[in-house]
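Next come the chains, spelled out residue by residue.
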Amino acid sequence: MKYYLILIVILLLALFLLFQEKTLPDNWKSYIENVNSNAKGYKILESLCFDIGGRVSGTEKGRKAENFVIEQLKSFGYQDIEEDTFSHQGWERISCSLQLDSEPGKEIKVLSLGLTPDTSNIKTEIVDVNGGIPEDYMAIQQDSVKGKLVLVDMKTISGKKRYHRVDKVQIAADNGAAGIIFYNSMFGDVISIGTAAYGKISAIPAVSISREDGMKIRNQLYENKKIIGILNVKNKVQETESANISTELPGSELDDEVVLISAHLDAWDVGQGAIDNGSSVAVVLEIARQFKLQNIHPKRRIRFTFFMAEEFGLVGSTKFVDSHEVLMKKLFYVINLEMNLAPNGINLLLDDRDREWFETLCSNLEGLGMEHRVIADPWLESDHTAFMLKGIPTLTFEENSNIFSRRTYHSNQDNIRYVSEKDMLNCSKVVGIVLLEIANSTKLKKWNLTQEQVQMKVTTFGIDDKLELRKISVIKN
Ligand SMILES: [Zn+2]
């Protein structure tokens, strides 16, 4: 009988703990209920996708997108809206064609990558260089790609170090290639693009074809056939202007400490820019709207920022960091959203001194899809980079990879039909709560890394060679 009672007590305790874990703290409940009962995030995304669509920085649609965000913020009740105009290398596609001498008259579906030169007319042999990373070039005969078109898999080759598309273009140019033809990492006749260089016109033309076409050419080359590619590319290339858009919610106690949340607004022209990065733009707008609507007064100041020219190589955010010295000193944390809809963890990037605090936060958010998952794994492919390299506490969200892998960004498949309204609603809750918790925390203390400390960490994490490839130096001379 005694044992029986003990067993019941243990069972009740276990049930209580289980229930506890799934229950969200009280102060989040009203935020969540309000988001549930009055959500507009998906409506905002619909407008962005259908009324504007692809929005390349510095083009008419880019400007339309900037105005769209300004109007949205005004309609939520934000009055002071900052437009940081900056000039940058502009680019718009005109035409692109690729033919093979093995199949005369047949055009292969091809798109040029962003920031490729204005005019390229190339007729030369195609050489398969596999993943297009340094060891692939080392594996083939020296000089065998000089003046040739190299065929490269866009995908990261598993087990090897990850090289970004831009790195692969630079590596091909360094090896003397005349041009680079990427084929997509996934099947399904999807052509995936992106920028070919960071903020300037690439050294060689870079174009993209489907995985199906890429495999066909590879097979022919494998059978020792010599293939001549005829590549003609035309783009409009000129200096242009864009504007990063920001607004703020004042802090009630620690007004000179600022938590900045950002998402890039620009998107490639071949799709709607729903996944990359309309989804995150809509989430940040929805959070800004909810905070105003719910009369939320955070302890620290919150800044909502929408960057342009991210797709051209983090241009807008880099210019922003360089031109906002006073603000940089006030930044308490920077949260950057990049294609986030199903967050399941937090990446503290270069420095995880606040890991414990974030672990507790994540486990309290388990009911909303977060896992007990806090990592420190710096990456360089979105707007957090310039802040992170400045030594400012910066974080990004980890994504549920099952959901993420189904998304096709940087292609004509970047469409709102791949964005679930339910995911977006959940993301607005998780990110809104993380933002609020940071802005209100009494436990977190402000810190910054010196440039020397950043340099040391960059070396420890082994990302210094990538920075070098991109000609980014941590310590400015
Ligand atoms: Zn993006």
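Please read all numbers here as calculations on a predicted model, not as lab measurements. (Residues numbered from 1 in each chain as written. Predicted model: local features only at pLDDT ≥ 70, side-chain atom pairs only at ≥ 80, totals over all residues. Heavy atoms only, no water.)

A. A look at the coordination of the zinc ion. All of the protein donors around the zinc ion are His 264 (NE2), Asp 276 (OD), Glu 338 (OE) and Glu 338 (OE); their distances to the metal are 2.1 to 2.6 Å. Sequence spacing among the residues donating to the zinc ion works out to H-x11-D-x61-E. Taken together, the positions of His 264 in strand S9 (residues 254-264) and Asp 276 in helix H8 (residues 274-293) put the pair 12 residues apart, joining distant regions of the chain. Per residue, the accessibility class of His 264 equals that of Asp 276, and both read buried. (Donors = N, O, S within 2.8 Å, 3.2 Å for Na, K, Ca; no water. Helix = DSSP H or I, 4+ residues; strand = E, 2+ residues; numbered from the N terminus. Buried < 20%, exposed > 50% of the residue type's maximum accessible area, 1.4 Å probe, protein only.)

B. Representation of the nonpolar core in the model. By size, the foremost hydrophobic cluster in this structure holds 111 residues, and its most contacted members are Phe 291, Phe 304 and Ile 438. Those residues in contact with Phe 291 that sit more than four places away from it in its chain are Tyr 31, Tyr 78, Leu 249, Ile 296, Ile 302, Phe 304, Gly 432, Leu 435 and Leu 436. Within the second largest apolar cluster, 18 residues are counted, among which are Cys 96, Tyr 183, Leu 231 and Val 233. (Core = buried A, V, L, I, M, F, W, Y, C linked by side-chain atoms within 4.5 Å. Contact = heavy atoms within 4.5 Å.)

C. Geometry of empty space enclosed by the protein. Enumeration according to the criterion identifies 3 cavities of 30 Å³ or more in this entry. Roughly 70 Å³ of volume is contained in the largest cavity. Lining the largest cavity we find Tyr 333, Leu 348, Leu 349, Leu 350, Asp 351, Met 388, Gly 391, Ile 392, Pro 393, Thr 394, Trp 447 and Leu 449. Residue composition of the lining of the largest cavity, grouped by class: 9 nonpolar, 2 polar and 1 charged. Forming the boundary of the second largest cavity are Ala 267, Trp 268, Val 270, Gly 271, Gly 273, Asp 276, Glu 311, His 410, Ser 411 and Asp 414. Residue classes in the lining of the second largest cavity are distributed as 3 nonpolar, 4 polar and 3 charged. (1 Å grid on protein atoms, 1.4 Å probe; cavity = no way out; pocket = protein on both sides within 12 Å on 5 of 7 lines; lining within 4 Å. Points joined across faces, edges and corners; volume = space filled by probe spheres on them. Nonpolar A, V, L, I, M, F, W, Y, C, P; charged D, E, K, R; others polar.)

D. Representation of a nonpolar patch on the surface. Residues Tyr 3, Ile 6 and Ile 10 make up a contiguous nonpolar surface patch of about 380 Å² in total accessible area. Judged by its relative accessible area of 71%, Tyr 3 falls in the exposed class. (Patch = residues over 30% accessible without salt bridge, like charges linked within 9 Å, V, L, I, M, F, W, Y side chains within 5 Å. Areas by Shrake-Rupley, 256 points an atom, 1.4 Å probe, with all protein chains shown as cover. Salt bridge = Lys/Arg side-chain N within 4 Å of Asp/Glu carboxyl O.)

E. Spatial organisation of the pattern of salt bridges. Tallying each qualifying case throughout the model produces 22 salt bridges. Note that Lys 146 is salt-bridged to Asp 143, the shortest N-O span being 3.1 Å. The partly exposed category is assigned to Asp 143, whose relative accessible area is 49%. Between Glu 248 and Arg 303 there is a salt bridge whose closest N-O contact spans 2.7 Å. One end of the pair, Glu 248, is in strand S8 (residues 228-249); the other, Arg 303, is in strand S10 (residues 300-307), with 55 residues separating them in the sequence. Given the relative accessible area of 23%, Glu 248 is considered partly exposed. The structure contains a network of salt bridges with shared partners spanning Glu 82, Glu 248, Asp 255, Arg 301 and Arg 303.

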